[in-house]
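Coordinates in review
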Amino acid sequence: MFRIKVIFLSIWFCLSCSAFAEERIALVVGNGVYTSVSPLDNPVSDATLIARKLEGLGFQVELLTDSNLIELKRGISQFGRQLRSAGKSATGLFYYAGHGVQSFGTNYLLPVDTSLSDAADLDLVAVEANSILRQMFSAKNKTNIVILDACRNNPLVDIPEFGDNGLAEMKAPTGTYLSYATSPGKVALDGSYGHSPFTAALAQEMTIPGAPIEQVFKQVRVKVLQQTGGAQIPWDTSSLTSQFYFTQPIVLSEAEL
């Protein structure tokens, strides 16, 4: 029996290693200490939590907290270079917690030094969310995941052109999974206990062995709906062409079946 267990553990270890044989690369961003718009309490702790979970799941993680415009753009550029170097079998993941706004149907992520008095200057002081998708598309890799916990309120509500809340829905390039903390045009909660409801649920669900990514985010949706009394509905769009697991299925021996 002992010999069988040793053999099984060796097989399981090999399967686990081969499951993560492809490179997993992640850029995780949390912006909360804004200087010219309303600060947020939880994005840094949210990003730190997700970075820690992803590292445990085999991702090479770059964590940026309270990043200014130059730091955020530099991080995105470096993320793209890493993906392009990793090859077609690589998985890329971008997570963002912080302020996000939409203008004319285009989404922007706000660095902590964002200062804006005229809507025409938005693309000069913020990062277009599609720039992340462009970096991923240029890598031609198999699987990409974008997670945006970025609709916590409208920090630019005093500017008439930014009367819309939340983010606009984006189109997912082939091989991409897009997840939003709430449905298009709606506001997500920042959270009262150190983490947003969305990120807290995601951190739990992504570590469940054998759960396909679609199931992970479905369960996140269920939990957030329960916690917010139906006020917040996480949203996703997928064009994945292969199966993806954050945590691989557990392989049991015959004796354990």
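Throughout what follows, the structure given in this document is the object of discussion. (Residues numbered from 1 in each chain as written. Predicted model: local features only at pLDDT ≥ 70, side-chain atom pairs only at ≥ 80, totals over all residues. Heavy atoms only, no water.)

1. Some points on helix 6 (residues 197-205)
Keep this limit in mind: For every residue, the accessible area obtained with a 1.4 Å probe (protein chains only) is divided by the maximum for its type, and the residue is called buried under 20%, exposed over 50%, and partly exposed between those limits. Where helices and strands are cited, they refer to DSSP runs of H or I of at least four residues and of E of at least two residues respectively, numbered from the N terminus. We call two residues in contact whenever any of their non-hydrogen atoms come within 4.5 Å of each other.
Taken across its nine residues, helix 6 has seven buried, putting it largely inside the fold. What helix 6 keeps buried is the set Pro197, Phe198, Thr199, Ala201, Leu202, Ala203 and Glu205. Of the surrounding secondary structure, the elements contacted by the buried residues of helix 6 are helix 2 (43-56), strand 3 (91-97), strand 7 (143-149), strand 8 (176-180) and helix 7 (213-227).

2. Side note on the pairing of strand 4 (residues 100-103)
Here is the rule: When DSSP finds two or more bridges between two strands, those strands count as paired.
In strand 4, alternate side chains face the same way, and those of Gly100 and Gln102 on one face and Val101 and Ser103 on the other are all buried. Across four bridges, the pairing between strand 4 and strand 5 (residues 106-109) is antiparallel. When the sheet's bridge partners are listed, Gly100 is paired in strand 5 with Leu109. Once strand 4 ends, the chain turns through two residues before running back antiparallel as strand 5, passing Phe104 with a positive phi of about 55°.

3. Points about the pattern of salt bridges
Once their charged atoms are close, side chains differing in charge can pair, the charge on each being opposite to the other. Our working definition: By salt bridge we mean one thing: a side-chain nitrogen of Lys or Arg within 4 Å of a carboxyl oxygen of Asp or Glu.
Applying the stated criterion to the full structure yields four salt bridges. Arg221 is the salt-bridge partner of Asp236, the closest N and O atoms lying 2.3 Å from each other. Taken together, the residues Asp236 in strand 9 (residues 235-238) and Arg221 in helix 7 connect sequence positions 15 residues apart. Classification of Arg221 by relative accessible area gives partly exposed; the value is 22%.

4. A look at helix 7
Threshold: Here the expected length of a helix is defined as 1.5 Å per residue gap, with one fewer gap than residues.
For helix 7, spanning 15 residues, the distance from its first C-alpha to its last is 21 Å, which sits close to the expected 21 Å at 1.5 Å a residue. Positive backbone phi, at 60°, marks Gly229, one or two positions downstream of helix 7.

5. What about the packing of aromatic side chains?
Ring pairs (aromatic) are described by centroid distance and by the angle formed between their planes. In plain terms, the rule: Stacked, tilted and edge-to-face are the three classes applied to pairs of Phe, Tyr and Trp rings, where Trp contributes its six-membered ring and a pair requires centres within 6.5 Å; stacked means planes under 30 degrees apart, edge-to-face means over 60, and tilted covers the rest.
According to the stated counting rule, one finds three aromatic pairs in the structure shown. With 5.2 Å between their ring centres and 85° between their planes, Phe244 and Phe246 make a pair best called edge-to-face. A relative accessible area of 4% places Phe244 in the buried class. Feature note: the residues Tyr177, Phe217, Phe244 and Phe246 constitute an aromatic cluster, connected by ring pairs.

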